Every structure is written in C-alpha cells, then in structure tokens.
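# Chains, contacts and geometry: an overview
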Amino acid sequence: METPGSQSSLHRANLERVVRAVRLAGSLTQAEIARTTGLSAATVSNIVRELKESGTVEVTPTSAGGRRARSVSLSGDAGIVIGVDFGHTHLRVAIGNLAHQVLAEESEPLDVDASSTQGFDRAEQLVTRLIEATGVDRSKIAGVGLGVPGPIDVESGTLGSTAILPGWTGTKPAEELRGRLGVPVHVDNDANLGALGEMVWGSGRGVRDLAYIKVASGVGAGLVINGKIYRGPGGTAGEIGHITLDESGPVCRCGNRGCLETFAAARYVLPLLQSSHGTDLTMEGVVRLARDGDPGCRRVIADVGRHIGSGVANLCNLLNPSRVVLGGDLAEAGELVLGPIRESVGRYAIPSAARQLSVLPGALGGRAEVLGALALALSEMGDSTLLDGTAVGALRAASPAFT
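Bear in mind that the values here come from a model prediction, so they are computed numbers and not experimental data.

Let us now look at the overall build of the chain. When you go through the chain residue by residue, the secondary structure sums to 15 helices and 13 strands. The C-alpha radius of gyration computed for the chain amounts to 22 Å, which stays within 12% of the reference 22 Å derived for 403 residues, consistent with globular compactness. With respect to the principal axes defined by its C-alpha atoms, the chain has extents near 70 × 50 × 40 Å. Across the 403 residues in the chain, those meeting the buried criterion constitute 51%. Put simply, 61% of the contacts in the chain that link residues at least 6 apart link residues at least 24 apart. Working note: accessible area of the chain is about 17800 Å², and carbon and sulfur atoms make up 49% of it. Charge-centre separation for the chain: the mean point of 37 positive side chains lies 7 Å from the mean point of 42 negative side chains.

Structure below.
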C-alpha cells in the first residue's frame, strides 16, 4: 500500500495526470502534456518513456510550430468504447479505441413512435453487429456513452419530458442499455454530447468556454465552462430553446408562449413554406434550396438565424463564451444563417461579450452527437485501471459480462 505523500504515491499521481491528459485530448505532444498537467518537461519525458515501455501509450514523430516533436496517444489496443445516439428519426452507433480512433460507425432510421424497448433492442443489435464486423475483443469494452434527445435527471438518471421521443419519458436509458450490454453506460442529452464531440474532434478544439447550439426538431444548447460540460443540479442547463422571445407568440410544447423553439425548430419553421413548397419539405431540403438561391427559403433561414442570435446574445450576456458552434441541419446553410446570428448578437449582446465571440458551423455534422458519446465514455474512464493493465476489468465489476 502506498503511503500518502510518499515518493511512490507522488509518482503514481503524476502518471495518472499524464494518462488523463492524453485520454481526454486523444493525442498531445510532450510539450502540450507539460502545459496541461503543470509538470516539468523532464518529468513528462520520464513518465512518457515509462508508459511507452509498459504498453500504455504510443509515441509517434510529429511536428509542432515547425519543430520536430513526439505525439503521445493511448495504445490503440488498451480498450474499446462505444457511442450510441438516439435522435428524432435515427439511431447511430460508433466504436472507437482509447487513442480516439473511430473503428466503425453506422446509422439507421428510427421510427419516432417506437417504444423505448424497441429502441434499445435495435441499439443492442446494431452494437453487436458492429462488434462482429470489426472483430474487436468484447472483453476490452470499457464503457458506453449514450445520447438521448431530452433532459436527464442527474441524480436518478431518468429521462424527463420530451416531445421528440414521447414514449420514452420516465425511462432510465443508461440502466436499460446497461442491462442489455453488460458494461457501464453513461448517458447525457444530445446537445451536451454535440458540445463534447465538437470540443474533442471539431470546431470547439482548444476552446474551454463554448456553447453548442443544436437546431433540429427542438432547440437546445450544450454548455462548456472551463473545459467541462455544465449540466446544472437537475440536468436541465442549456434549454435555450425555451428563452421567451414573444409573450404573445405561438404556444410551445413546454406550455409557454413565444419560446425561441417556436421560431427556430423544424416543426414550427417548415409549415411556413408548405403552401409554396409542399408538405414533404425537410430542413435539409430548405437548406439545400436556400443555397441554390430560393428566395423563400433564404428568407426563412435568415429569420431563424436572427431569432437564434437573440438567444445567443442572452448566453453571451450571462456566460460570456468565447465560441458558439451551430449544429444540426441548419449549420449546412453556412453564412446564410451564421450572418444573421452574428447580426443579432451584435445588436443585443453586451459589446465586450460580442467582440470576444466567434460563431462557427459545426465541423462534424450529424456525427457530432455519436462522437460526443464516445468522448463521454472516454471521459468517464478511470486512469488507475489503465496503469494497472486492467483498463476494463475494474470498470465492469458492477456489471455482468457481455456475452
């Protein structure tokens, strides 16, 4: 047993700091590890050499600032994580390793009226199919990240009221999937996972304070404060879609009038164009037509952008993020929507907050949430088990074996 404060316990703590920094980032140069952990360059060099000899990390030549450097990542065969994303009309699953490499990914349509039991059965089948296709060792599955389109109670893990998957309200998604897969499952809402995905792989890389705005069937925000997802005590932080824009506006699914969602979400926006463009129009179609020059679609997207910008201005005044990343189908409209967002931010936000803000489209498209689910599983892993060479065993102690 290590004595607290002893040289061995200090060395162990430094090992875990380095492993955690690499695990969360995917790969770092040794100089970046030193900056991230606060350890000296010499200490980092010695620890990386030790971790390489034990097979915990891989070191590859790279360059940084025009100089030769060494990139450090976790060993590709140290463990496997799985991401599962349930959307309004889709189910997407990805498998990745601890070096942040995506090994397989697949999506399929999901009936919005499907029960939670049917949904989780489909998820289990898709996970099993991808495991078999990739040939990964099931004993190396360290955990699963799960995304759902609704608020998750932080204490109970229960899915709150959601009009997007109405038959799922009151279920415990992590518990349901854990029972089927037999591995630890960590759950969060889709906007938070979109923020995680963009922060690790996309437009939020290197930023510690950002908001990911997802506009789809609903409108939500994933908030990152000082490098961490902020969920609030009840798990409902980021419900930007229910900021009131017009007290006399349309009735929202939440029971209030004039919420941002009633001016920006697909269910409210598409009817504006049905008389001129037909009833089969989707947001993806609206964006495509707008990019091709359709004046009606361009006007609707610009209006949506201005409304979103009003909500973003409120976020700026309250939280002062340095970056806002727009996700969902709407992000594909590019400057057609980003320009009006910036215009509203400039009009309604405190000038100093507006000057510091950059508004960008998401880089991951529809993959943001499932990659965020992988990032969630990676972030919830324990570093001590990696160092002990049992990256999976300790994490799975509370669950039956996956067979």
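This part is about the packing of helix α11 (residues 295-319) against helix α12 (residues 335-348). Running from N to C, α11 and α12 cross one another at 40°; their axes reach a closest spacing of 7 Å. As judged from the angle between their axes, α11 and α12 are oblique. The chirality of how α11 crosses α12 is right-handed. Within the contact between the two elements, α11 uses Arg 298, Ile 301, Ala 302, Gly 305, Arg 306, Ile 308, Gly 309, Ser 310, Val 312, Ala 313, Cys 316 and Asn 317 and α12 uses Leu 336, Val 337, Pro 340, Ile 341, Glu 343, Ser 344, Val 345 and Tyr 348.

This part is about the pairing of strand β4 (residues 80-86). Buried residues dominate β4, accounting for 7 of its 7 residues. Burial along β4 is two-sided: Ile 80, Ile 82, Val 84 and Phe 86 and Val 81, Gly 83 and Asp 85, pointing in opposite directions, are all buried. Judged from the 7 bridges that link them, β4 and strand β5 (residues 90-97) form a sheet pairing that is antiparallel. In the sheet register, Ile 82 faces β5, and the bridge partner there is Ile 95. Taking the residues between adjacent antiparallel strands as the criterion, β4 and β5 are bridged by 3 residues. Here β4 pairs with strand β7 (residues 141-148) via 6 bridges, running parallel. The partner of Gly 83 across the bridge, within β7, is Gly 145.

Attention now goes to the sheet that holds β5. The strand order across the open sheet built from 5 strands is β6-β5-β4-β7-β8, with neighbouring strands paired in mixed fashion. Each edge of the sheet is formed by a strand with only one pairing partner; in this case those strands are β6 (102-109) and β8 (185-189). Geometrically, the sheet is characterised by an average inter-axis angle of 15° between neighbouring strands, direction not taken into account. Pairing of β5 with β6, which is carried by 7 bridges, proceeds in the antiparallel orientation. Residue pairing across strands places Leu 91 opposite Glu 108, the latter belonging to β6. Lying over the sheet, helix α6 (residues 190-201) contacts β7 and β8, oriented at roughly 100° with respect to β8.

Looking now at helix α5 (residues 173-181). Helical geometry: 3.6 residues make up each α-helical turn, so side chains three or four residues apart lie on a common side. Residues Pro 173, Ala 174, Leu 177 and Leu 181 constitute the buried set of α5. Taken around the axis of α5, the buried residues stretch over an arc of 90°, which confines them to a single face. Positive backbone phi, approximately 70°, marks Gly 182, located one or two places after α5.

Parameters at a glance
- Residues numbered from 1 in each chain as written.
- Predicted model: local features only at pLDDT ≥ 70, side-chain atom pairs only at ≥ 80, totals over all residues.
- Heavy atoms only, no water.
- Helix = DSSP H or I, 4+ residues; strand = E, 2+ residues; numbered from the N terminus.
- Rg over C-alpha atoms; globule rule 2.2 N^0.38 Å.
- Buried < 20%, exposed > 50% of the residue type's maximum accessible area, 1.4 Å probe, protein only.
- Contact = heavy atoms within 4.5 Å.
- Areas by Shrake-Rupley, 256 points an atom, 1.4 Å probe, with all protein chains shown as cover.
- Lys, Arg positive; Asp, Glu negative; His and termini not counted.
- Charge placed at Lys NZ, Arg CZ, Asp CG, Glu CD.
- Axes fitted to C-alpha atoms, helices over the stretch in contact; angles between N-to-C directions.
- Parallel < 35°, antiparallel > 145°, perpendicular 65-115°, else oblique.
- Left-handed = near helix turned anticlockwise from the far one by under 90°.
- Pairing = 2+ DSSP bridges.
- Arc of directions from axis to C-beta.

The values are spatial; any link to function lies outside them.
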